[in-house]
Amino acid sequence: MRKRRRGTTAKRVLTAEIAVVGALCTALLVTEIPSLVRELKIWRIAGGLSARRRYP
């Protein structure tokens, strides 16, 4: 008597991999937010979009 194979194991593995990758991306984004805010402040101090005329 043969056992029927089910695709649920592959789906579970894929779901777990997606969850891990999503968690890593979220953790990276959260740790980089202070750096991004600092860069935006520096960019605004330097003139933002209107600085193209001054800094070629």
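Predicted, not measured: the structure shown is a model, and the values here were computed from it.

### Notes on the overall build of the protein chain
Moving on, step 1. Along the protein chain, the regular secondary structure elements total one helix and zero strands.
Moving on, step 2. When the 56 residues of the protein chain are sorted by exposure, 4% land in the buried category.
Moving on, step 3. When the accessible surface of the protein chain is totalled, it reaches about 6,000 Å², and 64% of it is carbon and sulfur.

### Overview of helix H1 (residues 8–45)
Note on helix geometry: an α-helix contains 3.6 residues per turn, so any two residues three or four positions apart are oriented the same way.
Moving on, step 1. Spanning 38 residues, H1 covers 54 Å between terminal C-alpha atoms, matching the ideal 56 Å at 1.5 Å per step.
Moving on, step 2. The largest bend along H1 measures about 40 degrees and falls at Ile-33, with the proline Pro-34 one to four residues further on.
Moving on, step 3. Just downstream of H1, Gly-47 is the residue with a positive phi angle, here 120 degrees.

### Some remarks on a nonpolar patch on the surface
Moving on, step 1. Where nonpolar side chains cluster on the molecular surface, the patch consists of Leu-29, Val-30, Ile-33, Leu-36 and Val-37 and spans about 440 Å² of accessible area.
Moving on, step 2. Here Val-37 lies in helix H1.

Definitions and cut-offs
- Residues numbered from 1 in each chain as written.
- Predicted model: local features only at pLDDT ≥ 70, side-chain atom pairs only at ≥ 80, totals over all residues.
- Heavy atoms only, no water.
- Helix = DSSP H or I, 4+ residues; strand = E, 2+ residues; numbered from the N terminus.
- Buried < 20%, exposed > 50% of the residue type's maximum accessible area, 1.4 Å probe, protein only.
- Areas by Shrake-Rupley, 256 points an atom, 1.4 Å probe, with all protein chains shown as cover.
- Expected span 1.5 Å × (residues − 1).
- Bend = angle between axes of the 7 residues up to and from the residue.
- Patch = residues over 30% accessible without salt bridge, like charges linked within 9 Å, V, L, I, M, F, W, Y side chains within 5 Å.
- Salt bridge = Lys/Arg side-chain N within 4 Å of Asp/Glu carboxyl O.

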